[in-house]
Amino acid sequence: FDNIDAWLAAKPDIVLLLIGTNDYFNIVDQPDYQPDRDAPARLGALLDKIHAVSPGSLVLVSSVLPVEWNKNFASGINRALPELVARIARELCDL
């Protein structure tokens, strides 16, 4: 979560997250990484961090957008989103 502390130091009113796609392509430093299993935990940790540092911020989380070549792309993280978002009582924007 590079730079997250600096961004949250500003105490934003709204945090909009459209994230998760890179979890399916760019995690090369963890050989056992499985996106559908591990991406929800990474997002949950980020949501917890945002809530801990800036509890007054409204956090809007988007589902991971589908891709043309794979109808089930990011299904693991998208299935987990409602529960992750509900933990901190924020909004899920299911795209």
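Computed from a prediction, not measured in an experiment: that's the story for all the values here. Residue numbering note: each chain is counted from 1, following its sequence as written. Under the rules for a predicted model, residues below a pLDDT of 70 receive no local features and side-chain atom pairs below 80 are neither given nor counted, while totals for whole chains, interfaces and linings still include all residues. The side-chain quantities take in all heavy atoms of the structure and omit both hydrogens and water.

Enquirer: Please explain the nonpolar core as it appears in this structure.
Expert: Most often, soluble globular proteins keep nonpolar side chains buried together rather than apart. Among the nonpolar cores identified, the biggest contains 23 residues, and Leu 17, Leu 43, Leu 47, Ile 50, Val 59, Val 61 and Ile 77 are the most heavily contacted of them. The helix count covers DSSP runs of H or I at least four residues long, the strand count covers runs of E at least two residues long, and both are numbered beginning at the N terminus. Counting only elements with at least two residues in this core, the list comes to helix 1 (4-8), strand 1 (14-17), helix 2 (35-53), strand 2 (58-62) and helix 3 (75-87). In these notes, a set of buried Ala, Val, Leu, Ile, Met, Phe, Trp, Tyr and Cys residues joined through side-chain atoms within 4.5 Å is what counts as a nonpolar core. Burial classes follow relative accessibility: with a 1.4 Å probe on protein chains only, a residue under 20% of its type's maximum area counts as buried, one over 50% as exposed, and anything between as partly exposed.

Enquirer: Honestly, the pattern of salt bridges in this entry has me stumped. Any pointers?
Expert: Note on pairing: side chains with opposite charge can pair once their charged atoms come close. Should a side-chain nitrogen of Lys or Arg be within 4 Å of a carboxyl oxygen of Asp or Glu, the pair is scored as a salt bridge. Counted by the stated rule, this structure contains three salt bridges. Notably, a salt bridge pairs Asp 5 with Lys 49, separated by 3.0 Å at the nearest N-O pair. Of the two residues, Asp 5 is situated in helix 1 and Lys 49 in helix 2; the sequence distance between them amounts to 44 residues. Residue Asp 5 is classed as partly exposed on the basis of its relative accessible area, which comes to 47%. Across the pair Asp 32 and Arg 37 runs a salt bridge, and its minimum N-O distance is 3.5 Å. In this structure Arg 37 comes out as partly exposed when scored by relative accessible area, which is 43%.

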